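The residues making up each chain are set out below.
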Amino acid sequence: MTVFHSTQPSFAVPRPEHKRPAASFGAFLFSEAVEYWLNGRHSISVATRRDYRNCIKNLVPAFGLLPLVDIRIEDIERYQQTRRTAVGAVRINREIGVVLGGTLERAGLWEEIKRFYEPLPLPKTKRGIALEPEEERHIWQIAAANPHWKVVYWCSLLARNTCMGTNEIRQLKMGAIDQKDFLWVRVQEGLKNAYRERTLRCNPDAAWALRNLAERAAQHGASLPDHYLLPHRSALGTRCQPDPTRPQATFLWSWRKLRKEVAKKFPRLATLRFYDNRHTACTRLLENPEIPYNAIEHMMGHEINSRTKRIYDEDNNYEKATYLLREGTQSVPELFPRRPRSSGTRGPRSGRTPGARARNVISLQHL
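What you are looking at is a predicted structure, and each value in this text was computed from that prediction instead of being measured. Residue numbers run consecutively from 1 along every chain, following the written order of its sequence. Owing to the predicted nature of the model, reporting of local features is limited to residues with pLDDT of at least 70; listing and counting of side-chain atom pairs is limited to 80 or more, with chain, interface and lining totals taken over all residues. As a convention, hydrogens and water are excluded, and side-chain values are obtained from all of the structure's heavy atoms.

Draft legend 1. Inspection of the state of the cysteines at higher detail. Any two cysteine sulfur atoms lying within 2.5 Å of each other are counted as a disulfide. Tallying each qualifying case throughout the model produces 0 disulfides. Among the cysteines around cysteine 163, which has no disulfide bond, cysteine 282 carries the closest sulfur, lying 6.6 Å off. Judged by relative accessible area, cysteine 163 falls into the buried class, the value being 2%. The cut-offs for exposure are 20% and 50% of the maximum accessible area for each residue type, with area from a 1.4 Å probe on protein chains only; residues under the lower value are buried, those over the upper are exposed, and the others partly exposed.

Draft legend 2. Looking closely at helix α10 (residues 204-219). The terminal C-alpha atoms of α10, which comprises 16 residues, lie 23 Å apart, in line with the 22 Å expected from a rise of 1.5 Å per residue. The contact rule is simple, with two residues in contact once any of their heavy atoms fall within 4.5 Å. Here a helix means four or more residues in a row that DSSP labels H or I, a strand means two or more in a row labelled E, and each is numbered from the N terminus. Looking at the buried residues of α10, the elements they touch are α8 (150-162), β1 (184-187) and β3 (231-232). Positive phi appears at glycine 221, one or two residues downstream of α10, with a value of about 95°. Helices are assigned an expected span. That span is 1.5 Å times one less than the residue count.

Draft legend 3. Layout of the packing of helix α7 (residues 133-145) against helix α11 (residues 252-262). Axes here refer to lines fitted to C-alpha atoms; in helices the fit is confined to the stretch in contact. Angles between the N-to-C directions go from 0 to 180 degrees. Contact geometry of α7 with α11 gives a least axis separation of 10 Å together with a crossing angle of 120°. Taken together, the axes of α7 and α11 lie oblique to each other. Crossing handedness for the pair α7 and α11: right-handed. Contacts between α7 and α11 involve His138, Ile139, Ile142 and Ala143 from the former and Leu258, Glu261 and Val262 from the latter. Class assignment for the residues of the contact of α7 with α11 results in 5 nonpolar, 1 polar and 1 charged. Roughly parallel means an angle under 35 degrees; roughly antiparallel means over 145; roughly perpendicular covers 65 to 115; every other angle is labelled oblique. Take the far helix as the reference: if the near one is turned anticlockwise from it by less than a right angle, the crossing is left-handed, and if turned clockwise, right-handed. Residues are sorted three ways: Asp, Glu, Lys and Arg are charged, Ala, Val, Leu, Ile, Met, Phe, Trp, Tyr, Cys and Pro are nonpolar, and all the rest, Gly among them, are polar.

Draft legend 4. Local environment of the packing of aromatic side chains. When two rings of Phe, Tyr or Trp (its six-membered ring) have centres within 6.5 Å they constitute a pair, described as stacked for plane angles under 30 degrees, edge-to-face for angles over 60, and tilted for the intermediate range. Tallied over the full model, the rule gives 11 aromatic pairs. Relative to tyrosine 36, the ring of phenylalanine 28 lies with its centre 5.2 Å away and its plane at 65°, an arrangement referred to as edge-to-face. By the burial criterion, phenylalanine 28 is buried, and tyrosine 36 matches it. Ring geometry for phenylalanine 63 and tyrosine 79: centres 5.5 Å apart, planes at 50°, overall tilted. Within this pair, whereas phenylalanine 63 is found in helix α3 (residues 46-63), its partner tyrosine 79 is found in helix α4 (residues 73-83), the two being separated by 16 residues in sequence. As far as the burial class goes, phenylalanine 63 and tyrosine 79 line up, both buried. Three or more aromatic residues joined by ring pairs make a cluster, and in this case those are Phe25, Phe28 and Tyr36.

Draft legend 5. Structural view of α11. Regarding α11, the residues found buried are Trp255, Leu258 and Val262. Taken around the axis of α11, the buried residues stretch over an arc of 65°, which confines them to a single face. Those residues of α11 that are exposed and angled more than 90 degrees off the buried face are Trp253, Lys257 and Lys260. Tucked inside the fold, the buried residues of α11 contact α7, α8 and α12 (276-287). The directions from the helix axis to the C-beta atoms are what the arc is built from.

Draft legend 6. Region of interest: the side chain of glutamate 135. With respect to the helices and strands, the residue glutamate 135 is situated in helix α7. Taking relative accessible area as the criterion, glutamate 135 reaches 5% and is therefore assigned buried. What qualifies as a polar contact is a pair of N or O atoms within 3.5 Å, subject to a donor-acceptor requirement within protein and to the restriction that residues adjacent in sequence count only when both atoms come from side chains. Within the local environment of glutamate 135, its side chain forms a polar contact with the side chain of arginine 268, the two groups lying 2.8 Å apart.

Geometric descriptors of this kind do not, in isolation, establish any biological role.
Put into structure tokens, the structure is as follows:
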């Protein structure tokens, strides 16, 4: 009897863990399986991978010691009820639907659970805030007075006067701006969709803000076209130098502090987003009948004839329509006399006219 010997060594070289077949994958503990699942996600960004790591950190205490085949819908529902006391529905749905669900799907176990899984209801989406001129003026004055908020001040001016979004500003590179006269900026990265790629002209306020940001970037080592206008900050408490090859992670911490200060005078701005600078800019453009829709679509980066810009215009149109409806009844108030006001009730404010917001961009450099 001939015995055939294997030409392979006595020890077997294991295949990459993220390539394991689904049959054996289901027997893994969740704490092990989720690592294999994450290691198999090669196309995600660094920020997304960091976010998934935070999700795993929260999921492991509840599911870490359970084999995937033993995870039931009851365990997920219990996790939802416990976790919602600490975070919102968006975060919980991401942890379960993306991370836990993706790991179970790798083992072929998610489809059965998915039939009974109900994501937590999301809060209603709030529309953006269109700032009034006096609110804007107060924001700029507060921001200009604090040197720690100069970056968010310049970025706010740039967003307000060019209709750029938050990530579009954060991803700007030195080669995408006019470094001589600061008369234009080319939006190429940080795009939400293909229509957002566009070249925008800068008015004097936008040019002033862009010039200050470019000078700051040069001081932080940005000298090449591929360097970012907002270089990555060095870690606090270290001697590391700023890295112009990476964009600044965020400037929203300063925005939140600025917003808190502004809300002392205007409480409705306590939830103001940086993105509302763009919302305000679009509202002002739509209030001016001399500006055609195609110009607004280009500045905003909207698809031609899209529905999006009309959302900005609805509130302003409703206010004007309400006043127009009364035009036919102004001659007959005596037929339907109004109830007399009590002595303590305030009368209407004088000078209140429909669409009384400022039509033009406010000049801000000399505040």
